[in-house]
Amino acid sequence: MNAAVATSVFGAFMVATVALGLLAVRGRGNRGRDGLAEWSVGGRSLGTVFIWVLMAGEGYTSFSYLGAAGWGYNYGAPVLYVVAYMSCGYAVGYVVGPMLWAYARRHGLVGITDMVAHRFGRPWLGALVAVLATVFLLPYIQLQITGMGVVVSTISYGAISLNWAYFIAFAVTTGFVVVSGLRGSAWVSVLKDVLVIATLGFLALYVPMHYFDGYGPFLDRLVTEKSEWLAFPGHGDSGLGQAWFITTSFLNSLTVVIFPTTVAGYLGAKNADVLRRNAMWLPAYNVLLFVPMLLGMAALFVVPGLVGAESNLALFELVVDSLPAWAVGVIGVAAALSSIVPMAVFMLVIGTMWGRSVLSLVPRWQQRQKGAAQTVVVAAGVIALVLTYTAPNTLVRLSLVSYEGMAQLLPMVLLGLMWRRLTLLGAMAGLVVGVGVVCGFVFTGNDPVWGVNAGIVALGANLAVALAVTYAGPREHDDRPDGDVLARDEPGERREAAESRRPELSGVGVSEASDAPAGA
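Treat the numbers as computed from the prediction; the structure is a model and nothing was measured. (Residues numbered from 1 in each chain as written. Predicted model: local features only at pLDDT ≥ 70, side-chain atom pairs only at ≥ 80, totals over all residues. Heavy atoms only, no water.)

Attention shifts here to the overall build of the protein chain. Each helix and strand in the protein chain was counted, giving 24 helices and zero strands. Looking at the protein chain as a whole, 56% of its 520 residues qualify as buried. Partitioning the intrachain contacts of the protein chain with sequence separation of at least 6 by distance along the chain shows that 84% fall at a separation of at least 24. (Helix = DSSP H or I, 4+ residues; strand = E, 2+ residues; numbered from the N terminus. Buried < 20%, exposed > 50% of the residue type's maximum accessible area, 1.4 Å probe, protein only. Contact = heavy atoms within 4.5 Å.)

This is the structure in structure tokens:
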């Protein structure tokens, strides 16, 4: 009976999720040449609320219910790096987001691969970055499929097997993202955020009262019996000390602003002021992250002895143990949507990068970029699903290098868009060195290295090589003015953005411009 009730609640919400995604694009046909801008960046028309819930949804994934609780259960204090880097990243995004938005709008671009190709005037460079970014993003799709599968199987009391749960995660996400794109993800994010705020707010009060008679007794036991979890480097021989915490927070706060999914959120905004307001309000959402972290440590007393992957279920062990089936179903839906929304954006971004920067190099696909992108979305999801079944450890190992590997794009993307002197050869040499160093450290088990995040060491080598090659080599000849090459958020562009909000200027013209070839 419990399985039937919880599964029915979950199924009803999944149907509502797909319907909401379809409703989001009702009456919105293809705009411009192939509608890629409408599908991939919401026609550059999303306001403050939609951008807020969309970007919060990207940061609040299944990790928030599973990984954050699992890290709290296993290590304790080191898990706070998530709150630190996301909050600092929003501060960096206050400056960087409007710059990238203005640059993309001015040149009709829809992602970082477009930006790199335009900046250096090499379409093949956009294709190369798309391939590299896909390698680093695929693990996130696999991890969201795995996370949602674990949630679905758990809340169904085992009635739905993991294999079927994985397929449900793939089918629901692929179904609505192919049709509704970024706009559908933003609409579903609203539903997700309502459920996340309600369920985590409830659990933050319920669990301490139910198991410990309040926060006082719970915190007293935590300080007395588990004090090791409350200080660096946390429980066990993790190596996650203060130096690791600082370097990881710093590296991730820079990386998150050029992460392809974050940039997709930036480019979906209708003007730069939306992004500035968004950067001010997003840190408030991080308060919710303390709940699964704290409840993960509460699970130490209720369900001791969880090891390995079982520790990721610390929060749901409490939920299934103490709540009625309908409540388990609702909380499971919130966790599942926390997988679906970011997974949808990951798939959307991969499709956009390939449709715009890779397949568009093939003449027959140049006029069908949206169709190509949608095809790649399905292909990326299928690859992640198949590898989830057949070789889960392959992508799990890749996930170890994903964020640190993506950080190696910082000089090429961010420095390149702000500093004209950086040459293509310098940026490429730095990227090769950075990716090589970070892969060497991670896959030999040397992360952290010397007590710090291996990615920051690799980024240092990347930047040093990029600067050395740039200064040692010849200057590149490019007749374009700085305004065409560099990303700047000028006052004049702010006025132009304000004018673009007028109905006669914010319709087809903008969308058509957004479909211009990269580098045009």
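Once you've had a look at it, read on.
The next thing to look at is the pattern of salt bridges. Across all of its chains, the model carries six salt bridges by this definition. With a shortest N-O distance of 2.7 Å, Arg 276 and Asp 273 are connected by a salt bridge. Here the residue Arg 276 and the residue Asp 273 both occupy positions in helix α13 (residues 272–285), the gap between them amounting to three residues, near one helical turn. Take Arg 276: its relative accessible area is 10%, and that puts it in the buried class. (Salt bridge = Lys/Arg side-chain N within 4 Å of Asp/Glu carboxyl O.)

A few words now on a nonpolar patch on the surface. Taken together, the side chains of Tyr 94, Val 95, Met 280 and Trp 281 define a hydrophobic patch exposed on the protein surface, amounting to about 460 Å² of accessible area. When you line up the elements, Tyr 94 lands in helix α6 (residues 81–107). Taking the relative accessible area as the measure of exposure, Tyr 94 reaches 36% and is therefore partly exposed. (Patch = residues over 30% accessible without salt bridge, like charges linked within 9 Å, V, L, I, M, F, W, Y side chains within 5 Å. Areas by Shrake-Rupley, 256 points an atom, 1.4 Å probe, with all protein chains shown as cover.)

What follows deals with unusual backbone geometry. The omega torsion of the bond from Phe 232 to Pro 233 falls at 0 degrees, within 30 degrees of zero and hence cis. In this fold, Pro 233 is placed in the loop between α10 (215–225) and α11 (242–255). For the bond running from Asp 447 to Pro 448, omega is 5 degrees, close enough to zero to count as cis. Locating Pro 448 in the fold gives a position in the loop between α20 (424–443) and α21 (454–472). In the Ramachandran plot, Tyr 157 falls in the positive-phi region, its phi being about 55 degrees despite a non-glycine side chain. Along the chain, Tyr 157 turns up in the loop between α8 (123–155) and α9 (162–212). Phi at Trp 450 takes a positive value of approximately 55 degrees, unusual for a residue other than glycine. Tracing the sequence through the fold places Trp 450 in the loop between α20 and α21. When its relative accessible area of 71% is taken as the criterion, Trp 450 is described as exposed.

On the basis of relative accessible area, Pro 448 is assigned to the partly exposed category, the value being 24%. Remark: the alpha-carbon pair of Pro 448 and Ala 243, spanning 205 residues in sequence, is separated by 9.5 Å. If near-sequence neighbours (up to four positions away) are discounted, Pro 448 is found in contact with Gly 239, Leu 240 and Trp 244.

Next up on the list: helix α16 (residues 325–358). The first and last C-alpha atoms of α16 sit 47 Å apart over 34 residues, in line with the 50 Å expected at 1.5 Å per residue. In terms of residue burial, α16 counts as a mostly covered element, since 31 of its 34 residues are buried. (Expected span 1.5 Å × (residues − 1).)

What follows is about α11. For α11, spanning 14 residues, the distance from its first C-alpha to its last is 20 Å, which sits close to the expected 20 Å at 1.5 Å a residue. Buried within α11 we find Trp 244, Phe 245, Thr 247, Thr 248, Ser 249, Leu 251, Asn 252, Ser 253 and Thr 255.

Our focus in this paragraph is the packing of aromatic side chains. Given two aromatic rings, their pairing is described by the distance between the two centres and the angle made by the two planes. Evaluated as defined, the whole model comprises 19 aromatic pairs. When the ring of Tyr 140 is compared with that of Phe 259, the centres are 5.8 Å apart and the planes differ by 85 degrees; the resulting orientation is edge-to-face. A residue pair is termed long-range when its members are at least 10 positions apart, and Tyr 140 in helix α8 and Phe 259 in the loop between α11 and α12 (260–267) qualify at 119 residues. Residue Phe 259 is classed as buried on the basis of its relative accessible area, which comes to 4%. The rings of Trp 71, Tyr 75, Tyr 81, Tyr 85, Tyr 140, Trp 244, Phe 259, Phe 346 and Tyr 403 are connected pair by pair, giving a single aromatic cluster. Of note, Arg 119 hangs over the ring of Phe 120, and the distance from its end group to the ring centre comes to 4.5 Å. (Phe/Tyr/Trp six-rings, centres within 6.5 Å; stacked < 30°, edge-to-face > 60°. Lys NZ or Arg CZ within 6 Å of the ring centre and 35° of its normal.)

Turning our eyes to something else, we now look at the environment of Arg 183. Note on placement: Arg 183 falls in helix α9. Taking the relative accessible area as the measure of exposure, Arg 183 reaches 5% and is therefore buried. Sequence spacing of Arg 183 and Leu 22 is 161 residues, and the spatial spacing of their C-alpha atoms is 9.6 Å.

It is worth spelling out the confidence of the model for the protein chain at this point. Per-residue pLDDT for the protein chain has a mean of 83; in total, 84% of the residues score no lower than 70. Averaged pLDDT values over the elements of the protein chain bottom out at 32 in helix α24 (residues 508–514) and peak at 97 in α21. Low pLDDT (under 50) marks residues 30–34, which in the prediction has 17 contacts with non-local residues, meaning those over four places away or in another chain. In this model residues 497–520 is a low-confidence stretch, pLDDT under 50, and it forms 40 contacts with partners more than four residues away in sequence or in other chains. (pLDDT = per-residue confidence, 0-100.)

Moving on to the nonpolar core. By size, the foremost hydrophobic cluster in this structure holds 148 residues, and its most contacted members are Met 14, Tyr 65, Met 115, Ile 141, Leu 203 and Met 412. With 20 residues, α16 is the largest single contributor of residues to this core. With residues up to four places along the chain from it excluded, the contact list for Met 412 reads Val 116, Phe 120, Leu 125, Val 129, Leu 417, Leu 422, Ala 427, Met 428 and Leu 431. (Core = buried A, V, L, I, M, F, W, Y, C linked by side-chain atoms within 4.5 Å.)

Let's shift gears to the packing of α16 against helix α17 (residues 369–390). At a minimum axis distance of 7 Å, the contact between α16 and α17 shows a crossing angle of 135 degrees. Relative to α17, the element α16 lies oblique. In this structure, the crossing between α16 and α17 has a hand that is right-handed. Counting all contacts with α16, which are made through Met 347, Leu 348, Ile 350, Gly 351, Thr 352, Trp 354, Gly 355 and Arg 356, the residues of α17 involved are Gln 369, Ala 372, Ala 373, Val 376, Val 377, Ala 380 and Gly 381. Tallied by class, residues from the contact of α16 with α17 come to nine nonpolar, five polar and one charged. (Axes fitted to C-alpha atoms, helices over the stretch in contact; angles between N-to-C directions. Parallel < 35°, antiparallel > 145°, perpendicular 65-115°, else oblique. Left-handed = near helix turned anticlockwise from the far one by under 90°. Nonpolar A, V, L, I, M, F, W, Y, C, P; charged D, E, K, R; others polar.)

For the pair α8 and α17, interaxial distance at closest approach is 9 Å and the crossing angle is 60 degrees. Viewed along their axes, α8 and α17 adopt a mutual orientation that is oblique. Here α8 and α17 pass one another in a crossing that is right-handed. Listed contacts from α17 to Leu 138, Ile 141, Gln 142, Ile 145 and Thr 146 of α8 are Ala 380, Gly 381, Ile 383, Ala 384, Leu 385 and Thr 388.

Bringing the environment of Ala 171 into the picture now. Looking at the secondary structure, you find Ala 171 in helix α9. The spatial distance from the C-alpha of Ala 171 to the C-alpha of Val 382 is 9.6 Å, given a sequence separation of 211 residues.

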